[in-house]
Amino acid sequence: MGRPRSLTFEDLTALSAAIAAALETGEVDGVVITQGTDTIEETAFLLDLYHGHERPVVVTGAMRNPTLPGADGPANLHAAVLAAADPVLRGVGCLVVLGDEIHSAWTVRKSHTTSPAAFTSPTCGPIARIAENRVRMAGGLPTRGPLVGAPDREARVGLYTVTLGDDGALLDLWDANCDGLVVAAFGVGHVPERLVEGLTKLASRIPVILASRIGNGPVLSDTYGFPGSEKDLLGRGLIGAGDPGPYQARLLLQALLAQGADGATVRETFTTASAR
């Protein structure tokens, strides 16, 4: 694959089609994708949305390049091949394998810029590990997320990160410039009160997903009720992301809108995804 910082939705749609074609031959047990680690968690998540086969797709990379002592690329590639070929992982969708750990595409996060152990699943840990050249399960197989068909139109989805002192003026820039918006809010889904009016206006026109900028833990729905709280915002038409972080929520919303999903379908899909 190309440099991860420059990958496009078109690149990943074409890759997904190539994966499907390889699997449909019935001649392979799984597929391994290698790429730089910058966007592995996003690549894996989007591929999982498109992946309807039983045989797994495994994404891997390296945190240390071959010129450095202790380069981890060969070991990660070996572990990825073992994972892709093991029948115990059939039906789990797309996986990320680094450091002898196997993570679900829905839970994995890159949590450090340089550590060889950068990839973690903060909410639940890895689903399995590689030891003695075989897969050792850490628990039950994860439930698959929703499947989304290949895109048939362009869709632009924005990501707005809420920050201390935010006055909401930049929200106006998204109006009429995107087909959907993900809000990376404070904590369990809170924003400054100054943003409430602008978000309400946007949610009346396009799907607006309420996620947490923390990236670990769910957006709540009914705990806090002050203006700008999760209960207040959901009551104004925003859609709760549930467990997916803002980057994953953006990819799911983009995939849905690129398939022509309406607001009701978007809401139903996020609700179902949150109940996994």
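Preceding this section is the structure that the text describes.
Computed from a prediction, not measured in an experiment: that's the story for all the values here.

S.K.: Honestly, a nonpolar patch on the surface in this entry has me stumped. Any pointers?
M.R.: A cluster of nonpolar side chains, namely Val-88, Met-137 and Leu-141, defines an oily patch on the protein surface of about 220 Å² accessible area. For Met-137, the location among the structural elements is in strand S8 (residues 134–137). Note on Met-137: relative accessible area 31%, which makes it partly exposed.

S.K.: Where do I start with the sheet that holds strand S10 (residues 180–185) in this structure?
M.R.: Where strands meet in a sheet, backbone hydrogen bonds hold them as pairs that are either parallel or antiparallel. Overall, parallel pairing links the four strands, which are arranged S9-S10-S11-S12 in an open sheet. Each edge of the open sheet is held by one strand with a lone partner, namely strand S9 (157–161) and strand S12 (239–240). Pairing between S9 and S10: five bridges, direction parallel. Residue pairing across strands places Val-157 opposite Gly-180, the latter belonging to S10.

S.K.: I keep staring at the state of the cysteines and nothing clicks. Help me out?
M.R.: The bond known as a disulfide is covalent and runs between the sulfur atoms of two cysteines. Following the criterion strictly, the structure yields zero disulfides and no others. In this structure Cys-94 is a free cysteine whose sulfur lies 15 Å from that of Cys-124, the closest cysteine sulfur available. Of the residues examined, Cys-94 reaches a relative accessible area of 1% and is grouped as buried.

S.K.: I tried to follow the packing of aromatic side chains on my own but got confused; where do I start?
M.R.: Between two aromatic rings, the relevant description is the distance of the centres plus the angle of the planes. Scanning the entire structure with this criterion turns up two aromatic pairs. Judged by centre distance (4.6 Å) and plane angle (55°), the rings of Phe-45 and Trp-106 are tilted. A residue pair is termed long-range when its members are at least 10 positions apart, and Phe-45 in helix H2 (residues 40–50) and Trp-106 in the loop between strand S4 (101–104) and strand S5 (109–110) qualify at 61 residues. For the pair Phe-45 and Trp-106, one class covers both residues: buried.

S.K.: Explain the environment of Ala-18 here, please?
M.R.: Relative to the elements of secondary structure, Ala-18 occurs in helix H1 (residues 9–24). For Ala-18, a relative accessible area of 45% corresponds to the partly exposed category. In sequence terms Ala-18 and Phe-45 are 27 residues apart; their C-alpha atoms lie 17 Å from each other.

About the thresholds
- Residues numbered from 1 in each chain as written.
- Predicted model: local features only at pLDDT ≥ 70, side-chain atom pairs only at ≥ 80, totals over all residues.
- Heavy atoms only, no water.
- Patch = residues over 30% accessible without salt bridge, like charges linked within 9 Å, V, L, I, M, F, W, Y side chains within 5 Å.
- Areas by Shrake-Rupley, 256 points an atom, 1.4 Å probe, with all protein chains shown as cover.
- Salt bridge = Lys/Arg side-chain N within 4 Å of Asp/Glu carboxyl O.
- Helix = DSSP H or I, 4+ residues; strand = E, 2+ residues; numbered from the N terminus.
- Buried < 20%, exposed > 50% of the residue type's maximum accessible area, 1.4 Å probe, protein only.
- Pairing = 2+ DSSP bridges.
- Disulfide = S-S within 2.5 Å.
- Phe/Tyr/Trp six-rings, centres within 6.5 Å; stacked < 30°, edge-to-face > 60°.

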